Structure formats: structure tokens, C-alpha cells
Amino acid sequence: MNAFRPIALGIGCDRGTPATTLVWAVVDALAACDANLLDVVAVASIDLKADEPGLLELARWQGWTIHFYPAAELAAVPVPHPSETVRKYTGTPSVSEAAALLAAGVGMDQLIIEKLKYRGPDGRNATVSIARIPQ
């Protein structure tokens, strides 16, 4: 088992994305950087998702507190993959990358998973980004 390496997750998703799809998105992102659920110390998203049932269920299941940032705060964060489509629907060009960076309190150089996209069998989309938290 690898040594504890604290990380922050930024999560974005379609409206109505079930917790199971979010779980698989998170598992894929963690596997991509050789991290595990025990490394997760911060989780964040956009305030538009503060009432998203699947996201809240995932947080309850893991015992996570999710910090929800307003679009304007997320929009102020430089990210490697801004999206005009995301901006059109949320008011910010990035949800998962910006949320991960804000939650970790770091800059782009600490982003270890950039906007991993996952499409569930239900057709719903989720994105997960992971930032390293300095120890």
C-alpha cells in the first residue's frame, strides 16, 4: 500500500447523475494517479451542485464534507482545460479542475489528474480532477 498522500478532488457532473456513476468516476481518477480513497482529504464542486442527490450520497457514503464554490470564484482560477460549454451552463469555464485547485489551496502545477471524463452506463457524465495538497 502506498504512503498517505493528501489530495483534493474536484467533481463536476450532469444534473441527475447517480452516485454509482460518480463512484466509478472517482475510482477511475484515483487509479490513474495511484491514489486511494484514504488519500482524499478535501472534496469540492460548484454551488449549483449543492443539492445534487448523487453527489450528496457519495459524500455521505465516504464521510466527506463537500465545499461548494460559487461560479465567480471558480472562474478566477487558471486551469489547463477551460470549456466554453461549461461556462455557458455554469458561469465558469471549469468546475472540476478549479474546484480541486481551490480545495487544495494550490496552483496548476499541483494538478495531478486533469479533468478525467467518465460517462456512466446511465448516459450521465462526470468529471473528476485531483490536486496534490502539500504536506
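Structure: see above.
Reading the values: rules and limits
- Residues numbered from 1 in each chain as written.
- Predicted model: local features only at pLDDT ≥ 70, side-chain atom pairs only at ≥ 80, totals over all residues.
- Heavy atoms only, no water.
- Helix = DSSP H or I, 4+ residues; strand = E, 2+ residues; numbered from the N terminus.
- Buried < 20%, exposed > 50% of the residue type's maximum accessible area, 1.4 Å probe, protein only.
- Contact = heavy atoms within 4.5 Å.
- Pairing = 2+ DSSP bridges.

Student: Even after reading the chapter, I still don't get the environment of Leu37, so can you show me in this structure?
Tutor: Along the chain, the position of Leu37 falls in the loop between helix H1 (19–32) and strand S2 (40–46). Of the residues examined, Leu37 reaches a relative accessible area of 31% and is grouped as partly exposed. Each C-alpha atom of the pair Leu37 and Gln62 lies 8.3 Å from the other, and the pair is 25 residues apart in sequence. If sequence neighbours within four positions are ignored, Leu37 has contacts with Val26, Leu30, Gln62 and Trp64.

Student: It is not clear to me how the pairing of strand S4 (residues 111–119) should be interpreted in this structure. Could you clarify?
Tutor: Regular strands show a simple pattern: their side chains alternate between the two faces of the sheet. Bridge analysis of S4 against strand S5 (residues 125–132) gives six bridges, and the strand direction is antiparallel. By the bridge assignment, Leu111 is partnered in S5 with Ala131. Hairpin connection from S4 to S5: five residues lie between these consecutive antiparallel strands, with Gly123 at a positive phi of about 85°.

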